[in-house]
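Reading the structure
Residues per chain are reported as follows:
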Amino acid sequence: MSEDATPRMHATTILMVRKGGRVVIGGDGQVSLGQTVVKGNARKVRRLSKGGVIGGFAGSTADAFTLFERLEAKLEQYPGQLTRACVELTKDWRTDRYLRRLEAMMLVADKEVGLLLSGAGDVLEPENGIMAIGSGGNYALAAARALADSDMDAEAIVRRSLAIAADICVYTNANIVIETLEAE
């Protein structure tokens, strides 16, 4: 429980893998409130910017939707410039009195770049094209790194890594949603 005696929302594993001209973001569907699973088929991965960007979130659902809406607005303001849009969103997230209370993390990607965004002001690009967030993120990240040099494609790596995370993390399930972008 948090300090105010409200059950903490635990949720999710989101994984991004870039390999072979594809970028894939996948996430599980479990939402837990305290020690109870309240939903098993939440959709935490989606397309943004008319399908040109994919993203996934970990944390409060309402907060994540607010951030996705803000990111959409930044992408309209800076079309084709995902990094710039994310930097501008993160600056707002850190300085706006309302936004800085939002509790979520996001992974977003277009055909060229993949980024992790946080309320701490982070806009991070993975060195090896693999990044994960959420309660099962480290399990999925380790699995994906181990599978990266295999013959598996990006989607297969994401699916297998999320399945491994679901077997280990009690806040992650095997209801996996995947979004993919292909290089042109």
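Residues numbered from 1 in each chain as written. Predicted model: local features only at pLDDT ≥ 70, side-chain atom pairs only at ≥ 80, totals over all residues. Heavy atoms only, no water.

1. Quick notes on the overall build of the protein chain
- Helix and strand counts for the protein chain come out as four helices and 12 strands.
- In terms of overall size, the protein chain behaves like a compact globule, its C-alpha atoms giving a radius of gyration of 16 Å where 184 residues would be expected to give roughly 16 Å.
- Across its three principal axes, the protein chain shows a C-alpha extent of roughly 50 × 40 × 25 Å.
- Considering only residue pairs separated by 6 or more positions, the protein chain has 62% of its internal contacts joining residues 24 or more positions apart.
- As displayed, the protein chain has an accessible area near 9300 Å², and 47% of this comes from carbon and sulfur atoms.
- Looking at the protein chain, you have 22 positive and 24 negative side-chain charges, and the mean spots of the two groups are 3 Å apart. (Helix = DSSP H or I, 4+ residues; strand = E, 2+ residues; numbered from the N terminus. Rg over C-alpha atoms; globule rule 2.2 N^0.38 Å. Contact = heavy atoms within 4.5 Å. Areas by Shrake-Rupley, 256 points an atom, 1.4 Å probe, with all protein chains shown as cover. Lys, Arg positive; Asp, Glu negative; His and termini not counted. Charge placed at Lys NZ, Arg CZ, Asp CG, Glu CD.)

2. Things to note about the nonpolar core
- Counting 21 residues, the largest nonpolar core has Leu71, Leu82, Met106, Val108 and Leu117 as its most contacted members.
- Among the elements of the structure, strand S7 (53–59), helix H1 (61–77), helix H2 (82–95), strand S8 (104–109) and strand S9 (114–118) are those that each provide at least two residues to this core.
- Non-local contacts of Leu82, meaning those with residues more than four positions away in its chain, are made with Val53, Leu75, Val108, Ala109, Asp110, Val113 and Leu115.
- Judged by nonpolar contacts, the second largest core, of 15 residues, contains Leu15, Ala132, Ala140 and Ile157. (Core = buried A, V, L, I, M, F, W, Y, C linked by side-chain atoms within 4.5 Å. Buried < 20%, exposed > 50% of the residue type's maximum accessible area, 1.4 Å probe, protein only.)

3. A closer look at the sheet that holds strand S6 (residues 45–48)
- The five strands are arranged S6-S7-S8-S9-S10 in an open sheet whose pairing can be described as antiparallel. The open sheet has two edge strands with one neighbour each: S6 and strand S10 (123–124).
- Across four bridges, the pairing between S6 and S7 is antiparallel. Each bridged residue has a counterpart across the sheet, and for Arg47 the counterpart in S7 is Ile54.
- Its contacts with the sheet place H2 against S7, S8, S9 and S10, and it is angled at close to 5° to S9. (Pairing = 2+ DSSP bridges. Axes fitted to C-alpha atoms, helices over the stretch in contact; angles between N-to-C directions.)

4. Details of the sheet that holds strand S2 (residues 13–19)
- Taken in spatial order, the four strands make up an open sheet running S11-S2-S3-S12, and their pairing is antiparallel. Only two strands of the sheet have a single neighbouring strand rather than two, namely strand S11 (130–134) and strand S12 (177–182). Between one strand axis and the next, the sheet turns by 10° as a mean value, whatever way the strands run.
- Where strand S3 (residues 22–27) meets S12, six bridges bridge the pair, whose relative direction is antiparallel.

5. Overview of helix H3 (residues 137–147)
- Among the residues of H3, Gly137, Ala140, Leu141, Ala143, Ala144 and Leu147 are the ones counted as buried. One side of H3 carries all its buried residues, which in axial view fall inside an arc of 170°. Projecting away from the buried face of H3 at angles above 90 degrees are the exposed residues Asn138 and Ala146.
- Contacts from the buried residues of H3 go to S2, S11 and helix H4 (154–168). (Arc of directions from axis to C-beta.)

6. Some details on the side chain of Asn173
- Considering the arrangement of structural elements, one finds Asn173 in the loop between H4 and S12.
- Engagement of the side chain of Asn173 in a polar contact is seen with the backbone oxygen of Gly40, the distance being 2.9 Å.
- Within the local environment of Asn173, its side chain forms a polar contact with the backbone nitrogen of Asn175, the two atoms lying 3.0 Å apart.
- Ignoring any residue separated from it by four or fewer positions in sequence, one finds Asn173 in contact with Asp28, Gly29, Gln30, Gly40 and Ala166. (Polar contact = N/O pair within 3.5 Å; in protein donor to acceptor, adjacent residues only side chain to side chain.)

7. A few points about H4
- In a regular helix each residue adds 1.5 Å, so 15 residues correspond to 21 Å; H4 covers 21 Å between its end C-alpha atoms and thus fits that length.
- Turning to H4, its buried residues number three or more, namely Ala154, Ile157, Val158, Ser161, Leu162, Ala165 and Ala166. Buried residues of H4 fall within an arc of 165° about the axis and therefore sit on the same side.
- As for H4, its buried residues are in contact with S2, S3, H3 and S12. (Expected span 1.5 Å × (residues − 1).)

8. Topic: the pairing of S11
- Summarising burial for S11: four of the five residues are buried, a large majority.
- The sheet contact formed by S2 and S11 spans five bridges and is antiparallel. Note on S11: the bridge partner recorded for Ile14 is Ile133.

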